[in-house]
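Structural features, examined
Here's the letter readout for the chains.
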Amino acid sequence: MVWEYRIAGDSIKVHIGHGAFEELWKKEGNICFIVSKNVKNAHVKMFEKIAPSYIIEIEDGENSKTLNYYGNLIERLASENFERNRKVAYVGGGTTGDLVGFLSATYKRGLNLIGVPTTVLSMVDSSIGGKNGLNFKGVKNLIGTFKNPSEIVMDTSFIMGNNGMLYEAMGEIIKHGLMLDNSINELLMQNSMETIWQGNTIEKLIKLNVDAKMDICAKDPFETENIRNVLNFGHTVGHGIEAVSGNRISHGYAVMIGMKVESEIAKNLGYSNYDPCEIIDSIVLKYGVDIPELDRHMLKECGNYIKNDKKIRDGTLHIPVPLSPGRHRIIEIRASEFITEMERVGDNI
Ligand SMILES: NC(=O)c1ccc[n+]([C@@H]2O[C@H](COP(=O)([O-])OP(=O)(O)OC[C@H]3O[C@@H](n4cnc5c(N)ncnc54)[C@H](O)[C@@H]3O)[C@@H](O)[C@H]2O)c1
């Protein structure tokens, strides 16, 4: 199925379904596919019929989001005299999307971009909203622009039955459910790890997430209105946990823990009397998400990390918290007060 969305005057077609990738390369003959090597190796058959001359293979992962990699790609396109009116499509997860998104925004001042996200996380999150980014000297996404693809092709063949990928995305999915659209978490609760892959349930889940994130991004296309801030729920503490655990706790799990801690803080300080932890815990239990053990000292260490959070303005954090299923508010809280309360929550873990 294909749906059309609009962000800042851009029209974005989103195609979700089994076989969507094949339809794309059959429909348009002249796309240059910039493909994650890992994805191509894991899904050899899906690339077999595309002429090799239309494919550029790249490494993925955080190390590929660098100026060096970007430079190599520019060199390759320039040496082939890649014309400005030709379309470029990324095929890979969020790191491939960020790298190729930036390339498409800058090579010859902009190429038409098609997104083919291949992880659950990139389908429900990073492929939407037009952000791209490169890391620089250890700082994540220090370089980047906004550029929406004209088309996003979410072929479920890339993710079918991959429970690990669903676990990685679960934090962001539950976040969308808690903050934007309760029917997302209802759908999760009506299903299990088995049934989610049956029929068209995974397509439905992805579509609900796409709707929710597109809606917020359309209201704040360039992240200037503090509206996209809602998407940061769980991320202030979550980023801290990722950092102090030396990435032992990955983003998806860290966000899940972060949502619980931030809700607890908001409740303890009287900003919200809603406790979403029960919803998070029931989904975690139902799907057997194995959240890594949180060292009780970790939240104390997170304080030092949060003190340097780029989102602090005049000593104040602007944190989104849920008020009831699908509803939220942004609270303003002194960073020092937030950190003290976070340490108290840590003591009780
Ligand atoms: N631009 C945005 O708005 C935005 C939002 C959130 C996150 N991000 C970025 O997204 C990145 C994380 O993305 P990710 O979690 O998708 O990770 P990723 O792109 O690094 O992919 C994770 C791993 O899965 C492999 N993989 C991808 N698709 C596969 C498939 N179908 N089958 C088998 N293996 C596959 C990759 O090779 C990689 O090893 C981070 O760099 C983050 O900064 C960007």
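The preceding data block contains the structure.
Residues numbered from 1 in each chain as written. Predicted model: local features only at pLDDT ≥ 70, side-chain atom pairs only at ≥ 80, totals over all residues. Heavy atoms only, no water.

Looking now at the overall build of the protein chain. The helix and strand inventory of the protein chain stands at 14 helices and 11 strands. Expressed along its principal axes, the backbone C-alpha trace of the protein chain runs to roughly 60 × 45 × 35 Å. A burial count over the protein chain gives 52% of its 349 residues as buried. Within the protein chain, counting contacts between residues at least 6 apart in sequence, those at least 24 apart form 72% of the total. Working note: accessible area of the protein chain is about 15500 Å², and carbon and sulfur atoms make up 48% of it. (Helix = DSSP H or I, 4+ residues; strand = E, 2+ residues; numbered from the N terminus. Buried < 20%, exposed > 50% of the residue type's maximum accessible area, 1.4 Å probe, protein only. Contact = heavy atoms within 4.5 Å. Areas by Shrake-Rupley, 256 points an atom, 1.4 Å probe, with all protein chains shown as cover.)

So, on to the side chain of Thr316. With respect to the helices, strands and loops of the structure, Thr316 is situated in strand β10 (residues 316-324). Thr316 gets classed as buried once you look at its relative accessible area, which sits at 13%. Setting aside anything within four residues of it in sequence, one finds Thr316 in contact with Lys311, Glu332, Ile333, Arg334 and Ala335.

Across the sheet, which stays open at both edges, the seven strands sit in the order β1-β2-β9-β6-β5-β3-β4 with mixed pairing between neighbours. Looking at strand neighbours, the two that pair on one side only are β1 (2-7) and β4 (55-58), the edges of this open sheet. Adjacent strand axes in the sheet meet at a mean angle of 20°, parallel and antiparallel pairs treated alike. Direction of pairing for strand β3 (residues 32-36) relative to strand β5 (residues 88-92): parallel, over a ladder of four bridges. Bridge pairing links Val35 to Val91 in β5. Its contacts with the sheet put helix α4 (residues 67-79) on β3 and β4, and the angle it makes with β4 is roughly 160°. The strands that helix α5 (residues 94-106) touches are β3, β4, β5 and β6 (113-117); relative to β5, the one it contacts most, it runs at about 165°. (Pairing = 2+ DSSP bridges. Axes fitted to C-alpha atoms, helices over the stretch in contact; angles between N-to-C directions.)

Where strand β7 (residues 134-136) meets strand β8 (residues 139-143), two bridges bridge the pair, whose relative direction is antiparallel. Among the inter-strand pairings, Leu134 is bridged to a residue of β8, identified as Ile143. Linkage of β7 to β8, two consecutive antiparallel strands, is achieved through a turn of two residues, within which Lys137 is found at a positive phi near 45°.

Now for unusual backbone geometry. Even without a glycine there, the phi angle at Ala8 is positive, about 45°. With respect to the helices and strands, the residue Ala8 is situated in the loop between β1 and β2 (10-16). Although it is not a glycine, Lys137 sits at a positive phi angle of roughly 45°. Turning to its location among the elements, Lys137 is positioned in the loop between β7 and β8.

This paragraph deals with the site of the ligand. With respect to spatial proximity, 23 residues lie near the ligand, and among them Asn38, Asp60, Glu62, Gly94 and Thr95 are the closest. Between Glu62 and the ligand, the recorded distance is 2.5 Å, taken from a side-chain N or O atom to an oxygen atom. Here a nitrogen atom of the ligand sits 2.9 Å away from a polar atom, N or O, in the side chain of Asp98. Calculation on the ligand without its partners gives an accessible area of 860 Å², and the protein chains cover 75% of this total. Residue assignment for the shell around the ligand shows that the elements contributing at least two residues are α2 (37-42), α5, α6 (120-126) and β8. (Near = heavy atom within 4 Å. Polar contact = N/O pair within 3.5 Å; in protein donor to acceptor, adjacent residues only side chain to side chain.)

Moving on, we get to the pattern of salt bridges. Evaluation of the coordinates by the stated rule reveals 19 salt bridges. Of the charged contacts, one joins Lys26 and Glu22 as a salt bridge, the two residues approaching to 2.6 Å between their closest N and O atoms. Pair noted here: Lys26 and Glu22 are both in helix α1 (residues 20-27), with a separation of four residues, about one helical turn. The class for Lys26 is exposed, based on a relative accessible area of 55%. Of the charged contacts, one joins Asp215 and Lys219 as a salt bridge, the two residues approaching to 3.0 Å between their closest N and O atoms. Taken together, the positions of Asp215 and Lys219, both in helix α9 (residues 201-219) and four residues apart, correspond to about one turn of that helix. Linked by salt bridges that have partners in common, Glu62, Lys65, Asp98 and Lys140 make up one network. (Salt bridge = Lys/Arg side-chain N within 4 Å of Asp/Glu carboxyl O.)

Let us now look at the packing of α4 against α5. Axis separation between α4 and α5 bottoms out at 10 Å; the angle between their running directions is 50°. With respect to each other, α4 and α5 are oriented oblique. Considering how the two elements wind past one another, α4 and α5 form a crossing that is right-handed. Along its contact with α4, which presents Tyr69, Tyr70, Leu73, Ile74 and Leu77, the element α5 presents Leu99, Phe102, Leu103 and Thr106. Taken together, the residues that form the contact of α4 with α5 break down as eight nonpolar, one polar and no charged. (Parallel < 35°, antiparallel > 145°, perpendicular 65-115°, else oblique. Left-handed = near helix turned anticlockwise from the far one by under 90°. Nonpolar A, V, L, I, M, F, W, Y, C, P; charged D, E, K, R; others polar.)

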